[in-house]
Amino acid sequence: MPRLTHIKRLLQLCALAVLTAPLGCGDSGGEYPSLLPTDQLLAQPAIPGHASIAAQSPDQVVEDLTRAGQALSVSAAELTAAAPRADDLTARAGQLRARSQGAASQTGALTDRAAALRARICADPDADQANCPPGS
């Protein structure tokens, strides 16, 4: 029964949509839409308040932009000079490889030491079994 209620509700919504659709299609403004008046369309553009310096002295704006561009180019040159070089990166990679190989050899030694300790502790049947791994 709930399915039939859903179908009725859907049909009601469809009927409502069909009946209200033509209401949005009417032309309430006459034959043509409202256009922008010609005096506004052809008027000189208004200069916003934050652009008053540019309106009063365009040369000052050019100088400011030139100085800002020079500052940016200096910054770019400094960044390029401070960038790591390929030979520095190669040397650093070699150091990291040597360090990781040393850590790998230490890991092997630690594994051997742990196995020896386990064997010594677990070999004694009277030893505390809480120190032994399960199954040993």
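Keep in mind that this is a model prediction, so the values were computed, not measured.

Chemist: Looking at this structure, I do not really get the overall build of the protein. What am I missing?
Modeler: Helix and strand counts for the protein come out as 5 helices and 0 strands. When the helices and strands of the protein are read in sequence order from the N terminus, they spell out α-α-α-α-α. When burial is assessed residue by residue, the protein has 1% of its 136 residues classed as buried. Accessible surface computed for the protein: about 12200 Å², of which carbon and sulfur atoms make up 62%.

Chemist: Quick question: what am I supposed to make of the pattern of salt bridges here?
Modeler: Oppositely charged side chains may form a pair once their charged atoms are brought near each other. Scanning the model with the defined rule gives 1 salt bridge in all. Across the pair R67 and D64 runs a salt bridge, and its minimum N-O distance is 3.2 Å. With a gap of 3 residues between them, R67 and D64 both fall in helix α4 (residues 58-82), about one helical turn apart.

Chemist: I keep staring at a nonpolar patch on the surface and nothing clicks. Help me out?
Modeler: Taken together, the side chains of L36, L41 and L42 define a hydrophobic patch exposed on the protein surface, amounting to about 350 Å² of accessible area. Structurally, L41 is set in helix α2 (residues 38-41). By relative accessible area, which is 57% here, L41 ends up exposed.

Reading the values: rules and limits
Residues numbered from 1 in each chain as written. Predicted model: local features only at pLDDT ≥ 70, side-chain atom pairs only at ≥ 80, totals over all residues. Heavy atoms only, no water. Helix = DSSP H or I, 4+ residues; strand = E, 2+ residues; numbered from the N terminus. Buried < 20%, exposed > 50% of the residue type's maximum accessible area, 1.4 Å probe, protein only. Areas by Shrake-Rupley, 256 points an atom, 1.4 Å probe, with all protein chains shown as cover. Salt bridge = Lys/Arg side-chain N within 4 Å of Asp/Glu carboxyl O. Patch = residues over 30% accessible without salt bridge, like charges linked within 9 Å, V, L, I, M, F, W, Y side chains within 5 Å.

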